[in-house]
Amino acid sequence: MNRQRLAAIVEGDARLGPETLHLDVTNGCNTNCVTCWDHSPLLTLGRSAAWKRQRADAASLVALVDDVRALGGLRAVLVSGMGEPFTHPEIYALLAALKARALHVTVITNLVAADPERVLALEVDQLLIGVHAASERAYLEFHPSFGAEHWARLGAMLARFRAAGRRFKQVQVVARSNAGELVEMVRFAHAHAAEQVNFKLASLAAGTEAARITAEQRARLMDALVPAARALASELGVATNLDVFAAQLRAGEAATSDLSGTGCFMGYVYARVTVDGTVLFCCDKERLVGTLAEAPFSTLWRAPRWQAMRAQLRRGELSEGCRQCGKVNQNVQIGRRIAERYGDDVLRAVTGRAPAGAAGPKVAT
């Protein structure tokens, strides 16, 4: 993140467009993770078949990206979906178009539907590979529709990337089925030469709460497994976010983050667009800022609704969804950058922790 971007955040000025644009390309998925809000078999009310068939047109997505680029500051595109992006029939054409625009391209994926040779040929910058296990047993419990052949395919593709010298990131959502494997997850990441392994507690709702870790698992994670995983990661040279994960554990109960001590900066650096053109402030589906049917993204970005949400969070007024923030890692990192460059007082001021009536500071770029 450059100085101009950081200064804009501190000033509360959305003069630049988002640094990262998150594109949902499909609602359809090839599995049914137990923690998923859209495909879990634990859901009390599942999504309709019509909803699951929805997917975005690649040409429309490219036009959207070009509109966002015109705002200035777009550096990266995050390709995902409320399903699996590699099930989209135009996924490789879309990735090629994004790479042709010199954008950093990341795909969030379970990897099983991907063609590793095409991923390598396109030089996709990053994969966030949802593993959610370190053993076949836990993998199949987390993905009930998968079988042993899917676990084997995942391993084979990870081995292919390692052989090609490509180091991608692994994601381990920790739930009741896999909480005991935290240390083994670090070892798994090392075995497959992962660039980093990110741990996070599952954000749960609508029936998926049944997958939540138990009180006993939480205590064991905090007292024993996180320290052991941290020690092993240090020994093996595996990069992790265990400090952030430990904070998630301390939040307790349904909470997976405590943004009251962190703040939210997503309104200046990030936006998500769903398959149907809904534009979201962040990953929280309740934070709707508009739709592409009513106005182009470039208009919505500086429109009153988006500005009001930025101002609300700048005052430290968090929503219920902030208790399960999916961008806690990024918020922590940006907060550290602000504190390092401008000091703790400035960080408190721009996250609603300044004395009443204090204004956010003006800074030079």
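Quick look at the structure, then. (Residues numbered from 1 in each chain as written. Predicted model: local features only at pLDDT ≥ 70, side-chain atom pairs only at ≥ 80, totals over all residues. Heavy atoms only, no water.)

**A short note on the overall build of the protein chain**
So, step 1. What the protein chain contains, in helices and strands, is 15 helices and nine strands.
So, step 2. By the compact-globule yardstick of 21 Å for 365 residues, the protein chain fits well, its C-alpha radius of gyration being 20 Å.
So, step 3. The principal-axis extent of the C-alpha atoms belonging to the protein chain is close to 55 × 50 × 45 Å.
So, step 4. For the protein chain, with 365 residues in total, the buried portion stands at 54%.
So, step 5. Carbon and sulfur atoms make up 51% of the accessible area of the protein chain, which totals about 15200 Å². (Helix = DSSP H or I, 4+ residues; strand = E, 2+ residues; numbered from the N terminus. Rg over C-alpha atoms; globule rule 2.2 N^0.38 Å. Buried < 20%, exposed > 50% of the residue type's maximum accessible area, 1.4 Å probe, protein only. Areas by Shrake-Rupley, 256 points an atom, 1.4 Å probe, with all protein chains shown as cover.)

**Things to note about the sheet that holds strand β5 (residues 169–174)**
So, step 1. Pairing is mixed in the open sheet, where nine strands are placed in the order β6-β5-β4-β3-β2-β1-β7-β8-β9. Among the strands making up the open sheet, the edge pair consists of β6 (196–201) and β9 (288–291). Averaged over all pairs of adjacent strands, the angle between strand axes in this sheet comes to 20°, irrespective of strand direction.
So, step 2. Looking at chain direction, strand β8 (residues 278–280) and β9 are connected through three bridges and run antiparallel. Residue T278 lies in a different strand from β9, and its bridge partner there is T291.
So, step 3. Along the sheet face, helix α13 (residues 304–314) touches β7 (270–273), β8 and β9 and points at about 165° away from the line of β9. (Pairing = 2+ DSSP bridges. Axes fitted to C-alpha atoms, helices over the stretch in contact; angles between N-to-C directions. Contact = heavy atoms within 4.5 Å.)

**Points about the packing of helix α9 (residues 215–236) against helix α10 (residues 242–251)**
So, step 1. Where α9 meets α10, the closest approach of the two axes is 10 Å, and the angle between their N-to-C directions is 175°. Taken as axis vectors, α9 and α10 run roughly antiparallel relative to one another. Taken together, the residues of α10 that come into contact with α9 (itself represented by R218, L221, M222, V226, A229 and R230) are L242, D243, F245, A246, Q248, L249 and R250.
So, step 2. For the contact of α9 with α10, the class distribution of residues is eight nonpolar, one polar and four charged. (Parallel < 35°, antiparallel > 145°, perpendicular 65-115°, else oblique. Nonpolar A, V, L, I, M, F, W, Y, C, P; charged D, E, K, R; others polar.)

**Some thoughts on the pattern of salt bridges**
Opposite charge on two side chains allows them to pair when their charged atoms are near.
So, step 1. Applying the stated criterion across every chain, the model contains 13 salt bridges.
So, step 2. Among the ionic pairs, R15 bridges to E11, the shortest N-O distance being 3.1 Å.
So, step 3. Between R69 and D66 there is a salt bridge, with its nearest N and O atoms 3.3 Å apart. Here D66 and R69 lie together in helix α3 (residues 58–69), a separation of three residues that amounts to about one turn. (Salt bridge = Lys/Arg side-chain N within 4 Å of Asp/Glu carboxyl O.)

**Comments concerning the nonpolar core**
So, step 1. Ranked by size, the top nonpolar core spans 74 residues in total, and within it L127, F297 and I338 carry the most contacts.
So, step 2. When neighbours within four sequence positions are excluded, L127 is seen to be in contact with F86, V107, T109, L111, V119, F161, F168 and K169.
So, step 3. Counting residues in hydrophobic clusters, the runner-up holds 23 residues, among them V174, V183, V186 and F199. (Core = buried A, V, L, I, M, F, W, Y, C linked by side-chain atoms within 4.5 Å.)

**A look at the state of the cysteines**
So, step 1. Applying the stated criterion to the full structure yields zero disulfides.
So, step 2. Between C36, a cysteine without a disulfide, and C33, which holds the nearest cysteine sulfur, the sulfur-to-sulfur distance is 6.4 Å.
So, step 3. As a non-bridged cysteine, C282 has C264 as the owner of its nearest cysteine sulfur, 6.1 Å distant. (Disulfide = S-S within 2.5 Å.)

**Notes on helix α4 (residues 91–100)**
So, step 1. Along α4, the positions that sit buried rather than exposed are I91, Y92, L94, L95, A97 and L98.
So, step 2. Here the buried face of α4 lies against α3, β2 (76–80), β3 (104–109) and α5 (116–122).
So, step 3. Following α4 by one or two positions, A102 adopts a phi angle in the positive range, close to 60°.

That's the geometry; what it means functionally is another story.
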